[in-house]
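The chain contents come next:
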Amino acid sequence: SSDEKIQENFVECMASHSNATNNLHIRGSPMYTYLLEAAEQNPRWLNTTTLKPSFIITPNHAWEIQATVVCSKEHGLLVRVKSGGHDYEGLSYLCNAAFIIIDLTNFRSLAIDIEKETAWIQSGVTLGELYYSIGMKSKVHGFPAGLCPSVGVGGHFSGGGIGTLIRKYGLASDNVIDAYLVDVNGRFLDRKSMGEDLFWAIRGGGGGSFGVVTAWKVKLVRVPKRVTVFTVHKKMDQEGKELVFRWQNLVNKMPHELFIRVVIQNVVGGGQKNEDPIEILFNSLFLGSKKKALAVMKRTFPELGLEDEDCEEISWIESVLYFYGYKNGEKLEVLLGRTDQYKGFFKAKSDFVQKPIPIDSLDGIKERFLKKSIVFMIMDPFGGRMDEISESESPFPHRKGNLYNIQYLVKWNENSDMVTKDHIDWVKELYDYMEPYVCRSPRSAYINYRDLDLGSNKHERTSYLQAKSWGEKYFKGNFKRLVLVKSMVDPGNFFRNEQSVPPISELK
Ligand code: FDA
């Protein structure tokens, strides 16, 4: 068949490139099946009829990636790049045409230079590995990126990266100072040779559109030797709602050292009776001592009633464990796991909020949360450093004026069509309810919480007008510049997926 022919030609091509077939796994081989399952952090698509890749390659060297790009292009395979495999819609391992996965699990080296306060990090490194390695070398350095240790640097830095240091140091991508990338012609480029436009685009423009980033150079940031963490639990009653309302009014004006995120959740499992299953968590990090944290909270947010016994003074690296729910003295080595400890089926959507949601409208959220578990609304505070970076400095445009980001997240345990639909319908209905209260012109979303409901490219042809409808939600005015960069570096649209940036040749 033509598929077999494509595969044969591809293997031949790879063999002719300095024998780049050593790490090539063919359908049916044991490694192939293992790698495919390991890739899927959201196992919604396992054992479904979605198309499987013709090959998975696990390169150890950049030249294997270069050969893969050249041979795929020549022989009609599309490429999916997988770093940590956490893409919410599975775009790092799903494709509806013949394709190969470049799985960067072996791209795992990490060189930290404490003296210069920089690090080179290969894309297959996870956030947990990065944090762990920094923590082993220094008690006073950290890096501002996401909370989940198994997330891959490759996808995460490509789309931004929101974490507990965001108010002090911005996004992960704001702290990238150089990168290595394999482009559509198989060239290996660094910041200087790729040029500032492409370097701008890969720091927040989303993975999968511009090439394969093999490594990133970042600036490390300073953290105090001791930091303070606390989580105040409330019910969603009058007091809880008033606190959320108050938090919304303060959140972007708090000292940069203070990060308080609000999580509204119903995690009471089916069948368990509970009159009031909805909790509100004020989940917080303060970059300083417990004494200072208490003083700052008393001054800025006394209504929360923070007490000495709510707080724990620990090292920054221990705070990383704390925020991912390890609270029982686990060893730091748990950060090295490559699979999400809460792995399960899920769907998420996102919003940005610029005006506090009126207190009475919080009742509508409560009403919906009473009907479903396991559900979360995670509100991450902005302001601070985020206000100081202009909208166009990087593709991530959600800066000054945004109070916080919302992630709506629904999880379930049974992979049946009915259960899946029921949960997805729930989150869509909540999203509709929220429309009047969130950023609406356009309604904004965060690319790292990828959501194909916002729109997607057609397989063969990508129309700019179509793409604009979701592109401007993620990137606002920066979408146009992303399209221009794409037109320069990949006019034939080789690196494409359901939500990749299209080139201008398709500007119609
Ligand atoms: P994955 O490998 O799936 O890649 C994501 C996308 O980028 C795909 O399109 C892929 O092709 C592309 N890509 C991957 N590597 C590339 C490379 N080297 N070069 C070019 N393109 C590449 N976010 C956040 O900001 N803060 C947080 O706290 C969290 N927490 C969190 C928890 C959990 C459990 C999940 C599942 C996700 C998050 N996220 C998050 C979202 C996360 O930032 C987002 O899913 C990232 O894109 C994941 O990066 P991976 O490398 O793991 O994904």
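Calculation notes
- Within each chain, residue numbers correspond to sequence positions counted from 1 in written order.
- Under the rules for a predicted model, residues below a pLDDT of 70 receive no local features and side-chain atom pairs below 80 are neither given nor counted, while totals for whole chains, interfaces and linings still include all residues.
- In computing side-chain values, all of the structure's heavy atoms are included and hydrogens and water are not.
- UniProt positions are given in the numbering used here, feature names are shortened, and annotations may be inferred rather than shown by experiment.
- Burial status follows relative accessibility: with a 1.4 Å probe on protein chains alone, a residue under 20% of its type maximum counts as buried, one over 50% as exposed, and anything between as partly exposed.
- Helical segments are the DSSP runs of H or I of at least four residues, strand segments are the runs of E of at least two, and each set is numbered from the N terminus.
- By definition, two strands form a pair when at least two bridges between them are found by DSSP.
- We call a residue near a molecule or strand whenever a single non-hydrogen atom of that residue lies within 4 Å of it.
- Within 3.5 Å is the distance limit for a polar contact, defined as a pair of N or O atoms, with the added protein rule that one can donate a hydrogen and the other accept it, and that residues adjacent in sequence qualify only through two side-chain atoms.
- Residue exposure ignores everything except the shown protein chains as possible cover, and the areas themselves are Shrake-Rupley values with a 1.4 Å probe.
- In the scheme used here, Gly and all other residues not listed as nonpolar or charged are polar, with Ala, Val, Leu, Ile, Met, Phe, Trp, Tyr, Cys and Pro taken as nonpolar and Asp, Glu, Lys and Arg as charged.
- Contacts between residues were defined by any pair of non-hydrogen atoms, one from each residue, lying within 4.5 Å.
- Axis angles are defined between N-to-C directions and span 0 to 180 degrees, where every axis is a line fitted to C-alpha atoms and, for a helix, only to the segment in contact.
- Salt bridges are defined by distance alone: a side-chain nitrogen of Lys or Arg within 4 Å of a carboxyl oxygen of Asp or Glu.
- Expected span of a helix: the number of residues minus one, times 1.5 Å.
- This arc describes the spread of directions from the helix axis toward the C-beta atoms.

As named in an unreviewed UniProt entry, the protein chain is FAD-binding PCMH-type domain-containing protein, taken from Lithospermum erythrorhizon. For the protein chain, the Cofactor (unreviewed entry) comment in UniProt is given as "FAD".

So what exactly am I meant to see when it comes to the pairing of strand β3 (residues 78-82) here?
The side chains of a regular strand alternate between both faces of the sheet. For β3, the buried fraction is high: four of the five residues fall into the buried class. Both β3 and strand β4 (residues 99-103) contribute to a ladder of five bridges, which runs parallel. Opposite Val 81, over in β4, you have Ile 102 as the bridge partner.

Can you walk me through the site of the ligand in this structure?
Taken together, 33 residues form the shell around the ligand, and within it Val 81, Ser 83, Ser 92, His 156 and Tyr 446 come nearest. Within the backbone of Asp 87, one N or O atom sits 2.9 Å away from an oxygen atom of the ligand. For the ligand, whose unbound accessible area comes to 960 Å², protein coverage reaches 94%. At the level of elements, β3, α5 (153-159) and β10 (212-219) are the ones that each hand at least two residues to the shell around the ligand. Broken down by class, the residue content of the shell around the ligand amounts to 13 nonpolar, 16 polar and four charged.

How should I be thinking about unusual backbone geometry in this particular structure?
In terms of backbone geometry, most residues other than glycine have negative phi values and most peptide bonds are trans. Between Ser 373 and Ile 374 the backbone carries a cis peptide bond, its omega angle lying at 5°. Note that Ile 374 resides in the loop between α12 (362-369) and β17 (375-381). A positive phi angle is found at Glu 117, which is not glycine, with a value near 60°. With respect to the helices, strands and loops of the structure, Glu 117 is situated in the loop between β5 (110-113) and β6 (118-122).

Please explain helix α4 (residues 127-137) as it appears in this structure.
It helps to recall that an α-helix has 3.6 residues per turn; residues three or four apart then point in one direction. Of all the eleven residues making up α4, eight are buried; the element is thus mostly covered by neighbouring parts of the structure. Where α4 is concerned, the buried positions are Leu 127, Gly 128, Glu 129, Leu 130, Tyr 131, Tyr 132, Ile 134 and Gly 135. Those residues of α4 that are buried lie in contact with β5, β6, β7 (141-142), α5 and α11 (316-323).

Explain the side chain of Ser 350 to me, please; I cannot follow it from the model alone.
Inspection of the secondary structure puts Ser 350 in strand β16 (residues 345-353). The exposure class of Ser 350 is buried, given its relative accessible area of 2%. At a separation of 3.0 Å, a polar atom in the side chain of Ser 350 contacts the main-chain amide nitrogen of Tyr 446. Contacts of Ser 350, omitting those with residues within four sequence positions, involve Asn 405, Ile 406, Tyr 408, Tyr 431, Ser 444, Ala 445, Tyr 446 and Tyr 449.

Sorry if this is basic, but what is going on with the sheet that holds β10 here?
Whether parallel or antiparallel, the strands of a sheet pair through hydrogen bonds between backbone atoms. As summarised here, the arrangement of the five strands in space is β5-β6-β10-β8-β9, forming an open sheet in which the pairing is antiparallel. Here the strands that pair on one side only, and so sit at the sheet edges, are β5 and β9 (188-189). Of the pairings in the sheet, the one linking β6 to β10 comprises five bridges and is antiparallel in character. Among the inter-strand pairings, Ala 119 is bridged to a residue of β10, identified as Val 218. Against the sheet, α4 engages β5 and β6, with an angle of about 35° to β5.

What am I meant to see in the pattern of salt bridges here?
Two side chains with opposite charge may pair up if their charged atoms get near one another. For the structure shown, the criterion picks out 30 salt bridges. For Glu 8, the salt bridge is made with Lys 5, and the minimal N-O distance between the two is 3.6 Å. Separated by three residues within a single helix, Glu 8 and Lys 5 lie in helix α1 (residues 2-16), roughly one turn from each other. Note on Glu 8: relative accessible area 48%, which makes it partly exposed. According to the relative accessible area criterion, Lys 5 is partly exposed, its value standing at 45%. For Glu 388, the salt bridge goes to Arg 385, with nearest N and O atoms at 2.9 Å. Of this pair, Glu 388 and Arg 385 both sit in helix α13 (residues 385-388), three residues apart, which is roughly one turn of the helix.

Looking at this structure, how should I read α1?
When the terminal C-alpha atoms of α1 are compared, their 21 Å separation across 15 residues agrees well with the 21 Å that a helix rising 1.5 Å per residue should span. All buried positions along α1 are accounted for by Phe 10, Cys 13 and Met 14. Down the axis of α1, the sector holding all buried residues measures 95°, keeping them to one side. In α1, the exposed positions that point more than 90 degrees away from the buried face belong to Glu 4, Glu 12 and Ser 16. Those residues of α1 that are buried lie in contact with β1 (24-26), β2 (55-57), α3 (62-75) and β4.

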